[in-house]
Amino acid sequence: MSNTLSPVSSVPVGLGLSRPELVELLRIRPARAVGMGVLHGGVWLLAALALVQVESLWAKVPLWLLAGGAVMGLIQLDHDAWHENLFPKSWQNRLFGNLLSLLVGIAYEPMRHDHLAHHRWNRTEKDPDAYNAGRRSLGLSALYYATVLFGIPLSLVYFNVLYPVQHFDRARLRRHVCVLLGYAVFYTGLFWLLADHGLVRVAVECWLVPVLFASPLNGLKSISDHHANVWRGGRFHTATTVRSTRLVTFLWNGLNHHLDHHLFPRVPGYNLARLHARLRPVLLAQGAPVFDSYLQVMWSALRAGPSLVDEDVRLVTLERKNP
């Protein structure tokens, strides 16, 4: 997906939006992306500086939560980089996304490839992100809850190894191997320097632990993004919007409006709240999964477990609540 194409021509038309409205919603503001990156990175840095000053575990936990929240915000920015919605040039989005990927050690290109395929095949057998749907089995349930709790560590193996082997052609796979070699050199050199200065423990507490704290939050958002959806459903029933609070919308770059994002993937995340306000009457009229409380949706998704698909490849609805 490239922004060299006209963004207006690459999004769905209709739904009551005028062309001037759509043009405004598609407007990319690079300063916003940089500012949000600085904000989340700054919060993470401040939490890290506080972590090195305290000894008590009980004092560290809230700081890890704060830093994990900042990591979560950066993950949402990475998502918009996959869609090339942060900057006007393709290479700018890729550079930004690759720099963010270095923070967690997960290669950028497999995540982007997977996510765009997810948009194309959402809630079908070809959806590479359909870890949360399938026929009833212990393995499906184990994968579902393991992804919620340990999604980021598991992604190290999945996106760096399994996904490229399964989905990349030879040329792309060779490039990916070169990227992994670059990662190996970078992290080996970094941890050698940290060890040489006696900073490995500091790096673990200020860098790796916050990433682990972000993992369950990212997993809960992931299952909420497709809660109460219909397998092979229409475009109004294969993603979920949770309006939540203004603070969550701001910190998560608007991507809590996930159904709106799937309908208009070229709209930058920070414009999705405005888009949702415009589309909301249509979504409610269609009986789309639109909710107001993340706690409600996350709890419901945890209780429901993965979406079960029967012999006819239809969704067996476990729980469905209209707004």
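What counts and what doesn't
- Residues numbered from 1 in each chain as written.
- Predicted model: local features only at pLDDT ≥ 70, side-chain atom pairs only at ≥ 80, totals over all residues.
- Heavy atoms only, no water.
- UniProt positions renumbered as here; feature names shortened; annotations may be inferred.
- Helix = DSSP H or I, 4+ residues; strand = E, 2+ residues; numbered from the N terminus.
- Core = buried A, V, L, I, M, F, W, Y, C linked by side-chain atoms within 4.5 Å.
- Buried < 20%, exposed > 50% of the residue type's maximum accessible area, 1.4 Å probe, protein only.
- Contact = heavy atoms within 4.5 Å.
- Axes fitted to C-alpha atoms, helices over the stretch in contact; angles between N-to-C directions.
- Parallel < 35°, antiparallel > 145°, perpendicular 65-115°, else oblique.
- Nonpolar A, V, L, I, M, F, W, Y, C, P; charged D, E, K, R; others polar.

What follows covers the UniProt feature "domain: Fatty acid desaturase" (unreviewed entry) in the protein. The sites that UniProt annotates as "domain: Fatty acid desaturase" (unreviewed entry) are residues 57-292. Counting secondary structure, residues 57-292 comes out at 69% helix and 3% strand; the distance between its end C-alpha atoms is 34 Å.

Formed by 30 residues in total, the largest nonpolar core has its most connected members in Trp44, Leu77, Leu86, Phe96, Trp207 and Val211. Secondary structure elements with two or more residues in this core: α2 (30-51), α3 (57-82), α4 (90-104), α5 (108-121), α6 (138-167), α7 (170-196) and α8 (200-224). No other element matches the 7 residues that α3 contributes to this core. Dropping the residues within four chain positions of it, Trp44 is found in contact with Ala67, Ala70, Val71, Leu74, Leu103, Cys206, Trp207, Pro210 and Val211. The next biggest cluster of nonpolar side chains, apart from the first, holds 18 residues, and it includes Leu22, Leu263, Phe264 and Leu275.

Another point: the packing of α8 against helix α12 (residues 294-304). The axes of two packed helices give the description: the angle between them and the distance between them. In the contact formed by α8 and α12, the axes pass within 9 Å of each other and the chain directions differ by 85°. Judged on the interaxial angle alone, α12 and α8 are roughly perpendicular. Residues Leu217, Leu220, Lys221, Ile223 and Ser224 of α8 form the contact with α12, whose own contacting residues are Tyr294, Val297, Met298, Ala301 and Leu302. Taken together, the residues that form the contact of α8 with α12 break down as 8 nonpolar, 1 polar and 1 charged.

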